[in-house]
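# Inside the fold
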Amino acid sequence: MTVSATAAAIPEAQPYRWRWVALFVILAAEVMDLLDALITTIAAPTIQRELGGDNSLIQWLTAGYALAMAVGLITGGRLGDLYGRKRMFVIGAFGFTAASLLCGISGNPEMLIVFRVLQGLFGAVMIPQGLGLIKEMFPPNEIGKAFAAFGPIMTISSVGGPVLAGWLIDADLFGTGWRMIFLINLPIGLAAAFAGMKFLPEFRLSNATKLDLVGMLLVSVAAFLLIFPVIQGQELGWPAWTFVSMAASIVFFAVFGRYEAARVRKGKDPLVTPSLFRKRAFTSGLIAGLAFFSGMVGFGVVFNLFTQAGLGWDPLQAGLAGLPQAVGGVIGFGIAMSGLQAKLGRGLIQIGAVVMAAGAGVLALFIHLYGMQIGYWQLAPGLALVGIGMGLTMAPFFDIVLAGVEPHESGSASGTLTAVQQLGGALGAAVLGTLFFNLLKSQMAFSDALQLTILVEVGLLAATFALSFLLPEFARPGADGH
């Protein structure tokens, strides 16, 4: 689930009449977002085989969506403040559905990547509005129950998403093959959009300020200059311009920071509150999140390449292979929410990182022992441990990091942290995917390439573990993670 900054709730004398129906509409939008963040990791090898394109297509299918979400989420909540959350939710839902249709009928890799980015942008418009509306529709005694509904939705999507993608491709419904993983969004998206028009209330802030379009442009260019050469460089032989581009991204990020600080001095609302980056706990949390989510998403991309391109499994078999990790994630999250989160605080992040690293080590060991003869039962123990550690780490992460900022900064901090989560996903697909493909180009066996990639994942988990000591010990009392 993606989380975005929203304004404080507007008090009402009576709760909104259709709030539970509206919640169902918002959850339908969450399902689309969650599924589309997962399904292309399973479908990518099939898409490349049928549509053509080089190895970078596999990375862009994940990275393009995540990068667009990262950039768009920074301003997505502000759009709702300015133009109304119901209006922006409906626009986002219609746009996401249209982009899904365009993905499903794409005739070449370039079209698919462009429309995948468009999906991410409309998703970034749609998702923050739903979360903001929940805070405004529900009274204090019901808001906990409303947010609790996200738990089962996340569980079902994480467990069923990869399997659904594999089944849809194998079933080849109406001869659509991989295209159905996008076309299935049409009935869900249209239902969410039309139901949103009828059942969502309209809220808008009377004191909302204008969008920081220059800031958005600067951060978008900076992120693109970083991700693009990392993905394309391995296909082009790392020409000089790829390194120039990565260096330029640092310059653009610095210019973005100075520009935001200048806006604050002029009394204007910044895209990201500059004072946040002077807080060691929050900055450490951003870097830890970048490392953690880069490793998590990047590993998912590479593992599915290993099962399909390496082991020769079909998409459904690959989806089923990932079930132990998905179920482990559910178990880990459940353990954390049973009371350990409140007792251990940041210690739970550290335990989760260690469990994930242990699971990755077990997985690498079994791959070393069995090589390309490895099967479900040999993969399952390591993947299950990775999933459990992932659930333990993610459960307290956002609340702990946000405890290091002042209450008046929490909106900007939440949006920034979520954007970094998505940026980490894009960076992970780019970096770990590039590493994996480069190893294969050097004539290394699939199993050996995966083992080395797992070592990088363990290194990123070690960085997460080390940085966690700079985080606040416990979440702020009353934090709900949203």
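Preceding this paragraph is the structure being described.
Residues numbered from 1 in each chain as written. Predicted model: local features only at pLDDT ≥ 70, side-chain atom pairs only at ≥ 80, totals over all residues. Heavy atoms only, no water.

Looking only at helices and strands, one finds 17 helices and zero strands in the chain. The C-alpha atoms of the chain give a radius of gyration of 21 Å, which matches the 23 Å a tight globule of 482 residues would have. In terms of overall dimensions, the chain has a C-alpha envelope of 65 × 50 × 50 Å along the principal axes. Per element, the accessible surface of the chain, about 19,100 Å² overall, is 69% carbon and sulfur. Across the chain, the centroid of the 26 positively charged side chains sits 10 Å from that of the 25 negatively charged ones. (Helix = DSSP H or I, 4+ residues; strand = E, 2+ residues; numbered from the N terminus. Rg over C-alpha atoms; globule rule 2.2 N^0.38 Å. Areas by Shrake-Rupley, 256 points an atom, 1.4 Å probe, with all protein chains shown as cover. Lys, Arg positive; Asp, Glu negative; His and termini not counted. Charge placed at Lys NZ, Arg CZ, Asp CG, Glu CD.)

Here the focus is the pattern of salt bridges. In this structure the tally under the stated criterion is four salt bridges. Notably, a salt bridge pairs Asp36 with Arg116, separated by 3.7 Å at the nearest N-O pair. One end of the pair, Asp36, is in helix α1 (residues 19-51); the other, Arg116, is in helix α4 (residues 109-137), with 80 residues separating them in the sequence. When sorted by exposure, Asp36 lands in the same class as Arg116, which is buried. Across the salt bridge formed by Glu136 and Arg85, the nearest N and O atoms sit 2.1 Å from each other. Pair noted here: Glu136 is in helix α4 and Arg85 is in helix α3 (residues 85-104), with a separation of 51 residues, a long-range link. The two residues Glu136 and Arg85 agree in class, both being buried. (Salt bridge = Lys/Arg side-chain N within 4 Å of Asp/Glu carboxyl O. Buried < 20%, exposed > 50% of the residue type's maximum accessible area, 1.4 Å probe, protein only.)

This part covers the packing of aromatic side chains. Under the counting rule described, the total for this entry stands at 18 aromatic pairs. Centroid distance Phe397 to Phe398: 5.9 Å. Interplanar angle 85°. Geometry classified as edge-to-face. The class for Phe398 is buried, based on a relative accessible area of 14%. In this structure an aromatic cluster arises from ring pairing among Trp60, Phe224, Phe228 and Trp241. (Phe/Tyr/Trp six-rings, centres within 6.5 Å; stacked < 30°, edge-to-face > 60°.)

Following the sequence through the fold, Asp33 ends up in helix α1. For the buried Asp33, no salt bridge exists, and the shortest N-O distance to an oppositely charged side chain is 8.1 Å, to Arg116.

Before going further, it helps to examine a nonpolar patch on the surface. Residues Leu190, Phe194 and Met197 make up a contiguous nonpolar surface patch of about 290 Å² in total accessible area. Here Phe194 shows up in helix α8 (residues 185-199). (Patch = residues over 30% accessible without salt bridge, like charges linked within 9 Å, V, L, I, M, F, W, Y side chains within 5 Å.)

What follows is about the environment of Val420. By the element assignment, Val420 lies in helix α16 (residues 410-441). For the pair Val420 and Gln317, spaced 103 residues apart in the sequence, the C-alpha separation amounts to 32 Å. If we ignore the near neighbours within four places in the chain, the residues touching Val420 are Leu286 and Leu290. (Contact = heavy atoms within 4.5 Å.)

On to a positive patch on the surface, then. Together, Lys210, Arg258, Arg265, Lys266 and Lys268 give the surface a local cluster of positive charge. Here Lys268 shows up in the loop between α10 (240-265) and α11 (280-310).

Okay, the packing of α11 against helix α17 (residues 446-468) next. Between α11 and α17, whose axes approach to 9 Å, the crossing angle comes to 165°. As the angle between them shows, α11 and α17 are arranged roughly antiparallel. The way α11 lies across α17 gives a crossing that is left-handed. (Axes fitted to C-alpha atoms, helices over the stretch in contact; angles between N-to-C directions. Parallel < 35°, antiparallel > 145°, perpendicular 65-115°, else oblique. Left-handed = near helix turned anticlockwise from the far one by under 90°.)

A few words on the environment of Leu73. Structurally, Leu73 is set in helix α2 (residues 56-83). Assessed through its relative accessible area of 1%, Leu73 is described here as buried. The sequence separation of Leu73 and Gly177 amounts to 104 residues, and the corresponding C-alpha distance is 31 Å.

The next thing to look at is the nonpolar core. By size, the foremost hydrophobic cluster in this structure holds 61 residues, and its most contacted members are Ile47, Leu112, Ile181, Ile227, Leu379 and Ile454. Top element by residues in this core is α16. It accounts for ten residues. Residues contacting Ile47, with those up to four places away along its chain left out, are Gly52, Leu57, Leu61, Leu112, Trp178, Ile181 and Phe182. Grouped together as the second largest cluster of nonpolar side chains are 32 residues, Phe89, Leu131, Ala146 and Ala193 included. (Core = buried A, V, L, I, M, F, W, Y, C linked by side-chain atoms within 4.5 Å.)

A word on the side chain of Gln119. Secondary-structure assignment places Gln119 in helix α4. There is a polar contact of 2.9 Å between the side chain of Gln119 and the side chain of Arg116. Residues in contact with Gln119, not counting those within four places in the same chain, are Asp36, Tyr65, Phe96, Ala99, Ser100, Cys103, Phe182 and Asn185. (Polar contact = N/O pair within 3.5 Å; in protein donor to acceptor, adjacent residues only side chain to side chain.)

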